[in-house]
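Okay, here's what each chain looks like letter by letter:
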Amino acid sequence: MTADDTPRRPLSGVVPTVSNRPSRTEAEAAVRTLIRWAGDDPEREGLVGTPDRVARAYEEFFSGYEQDPVDILHRTFEETDGYDEVVLLRDIRLESHCEHHMVPIIGVAHVAYLPDRRVVGISKLARVVEVYARRLQIQEKLTAQIANTINEVLQPKGVAVVIEAAHQCMTTRGVRKAGVTMVTSRMLGVFRDDSETRREFMALIQSRRGLG
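All values derive from a computational prediction rather than experimental measurement. (Residues numbered from 1 in each chain as written. Predicted model: local features only at pLDDT ≥ 70, side-chain atom pairs only at ≥ 80, totals over all residues. Heavy atoms only, no water.)

**Observations concerning the confidence of the model for the protein chain**
So, step 1. For the protein chain, mean pLDDT is 89; residues scoring 70 or higher make up 89% of the total.
So, step 2. Of the regions scoring below 50 in pLDDT, residues 1–10 engages in 16 contacts with residues more than four places distant in sequence or in other chains. (pLDDT = per-residue confidence, 0-100. Contact = heavy atoms within 4.5 Å.)

**A closer look at the sheet that holds strand 5 (residues 136–137)**
So, step 1. One open sheet holds the five strands; their spatial order is 5-2-3-6-7, and the pairing between them is mixed. Two strands in the sheet have a free side with no partner beyond their single neighbour: strand 5 and strand 7 (182–189).
So, step 2. When strand 2 (residues 87–98) meets strand 5, the two strands line up parallel, connected through two bridges. Counted as the bridge partner of Cys98 is Gln137 from strand 5.
So, step 3. On the sheet, helix 4 (residues 122–133) packs against strand 2, strand 3 (104–114) and strand 5 and is oriented at approximately 20° with respect to strand 2. (Pairing = 2+ DSSP bridges. Helix = DSSP H or I, 4+ residues; strand = E, 2+ residues; numbered from the N terminus. Axes fitted to C-alpha atoms, helices over the stretch in contact; angles between N-to-C directions.)

**Overview of the pattern of salt bridges**
So, step 1. Applying the stated criterion to the full structure yields 12 salt bridges.
So, step 2. Between Arg90 and Asp91 there is a salt bridge, with the nearest N and O atoms lying 3.5 Å from each other.
So, step 3. The class of Arg90 is partly exposed, set by a relative accessible area of 27%.
So, step 4. In this structure, Glu130 engages Arg134 in a salt bridge whose closest nitrogen and oxygen atoms are separated by 2.6 Å.
So, step 5. You can call Arg134 buried: its relative accessible area is 14%.
So, step 6. Ionic contacts of the salt-bridge type, sharing partners, join the residues Arg24, Glu28, Asp52, Arg56 and Glu59 into one network. (Salt bridge = Lys/Arg side-chain N within 4 Å of Asp/Glu carboxyl O. Buried < 20%, exposed > 50% of the residue type's maximum accessible area, 1.4 Å probe, protein only.)

**Some words on the packing of aromatic side chains**
So, step 1. By the definition in use, this model includes four aromatic pairs.
So, step 2. Where Tyr58 meets Phe61, the ring centres are 6.2 Å apart and the plane angle is 50°; that geometry is what we call tilted. Here the residue Tyr58 and the residue Phe61 both occupy positions in helix 2 (residues 50–61), the gap between them amounting to three residues, near one helical turn.
So, step 3. Taking the centre distance of 6.3 Å and the plane angle of 80° together, the rings of Phe61 and Phe62 count as edge-to-face.
So, step 4. Judged by relative accessible area, which is 31%, Phe61 ranks as partly exposed.
So, step 5. Owing to a relative accessible area of 12%, Phe62 belongs among the buried residues under this scheme.
So, step 6. Taken together through their ring pairs, the aromatic side chains of Tyr58, Phe61 and Phe62 make up a single cluster. (Phe/Tyr/Trp six-rings, centres within 6.5 Å; stacked < 30°, edge-to-face > 60°.)

**Some details on helix 4**
So, step 1. Compared with the 16 Å implied by 1.5 Å per residue over 12 residues, the 17 Å span of helix 4 between its first and last C-alpha is a close match.
So, step 2. Structurally, helix 4 contributes buried residues whose contacts are with helix 3 (69–72), strand 2, strand 3, strand 4 (119–120), strand 5 and helix 5 (139–154). (Expected span 1.5 Å × (residues − 1).)

**Some details on the pairing of strand 6 (residues 158–167)**
Successive side chains on a regular strand alternate, one facing one side of the sheet and the next facing the other.
So, step 1. Across the 10 residues of strand 6, eight count as buried, placing the element largely inside the fold.
So, step 2. With 10 bridges connecting them, strand 3 and strand 6 associate as antiparallel partners. What sits directly across from Tyr113, in strand 6, is Val159.
So, step 3. Inspection of the sheet shows strand 6 paired to strand 7 by eight bridges, in the antiparallel sense.

Right, dumping it as structure tokens:
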């Protein structure tokens, strides 16, 4: 690889640390306040341990703030024997939280790219989805972040991301429309410019045939 071939490193995908981030003790106190606001007693037997459990759950739900999706993609491989077709990882389980109501967004992501000499391990694509999903999100932004990061780091001929997800802020509150799925997409490079490549991608993610 020559100096000219070295991919431009984009800005880090880590969100800047909040300067006045509350302590764990403060977070647990906030949970106790919410329990009282809901109308229950945080000191009763069934709720005494809830603040600690909620804080630990939040550490898991929002662990994406501590990880850099850019670094995840930097280990790539150039020995592809000239492979120049679409690489697709389909049906990646996705669990995120709506930034408006802090309730779950649950669905799947389909991620594809058309390599330009370099490929990345497929688990890294799933990890990029995971990192961005484990932050407070709206689905449109989540879709764009995944596609943009893959495009900037791998410098492929094109990237395509489609997310299909159900939002509990709509299914369990408000209009309460169960069974509704939101679909968002982000097409870059040849997936945006070449209708045949885009059709191939859509056909692949719509196919549900088993392997073997």
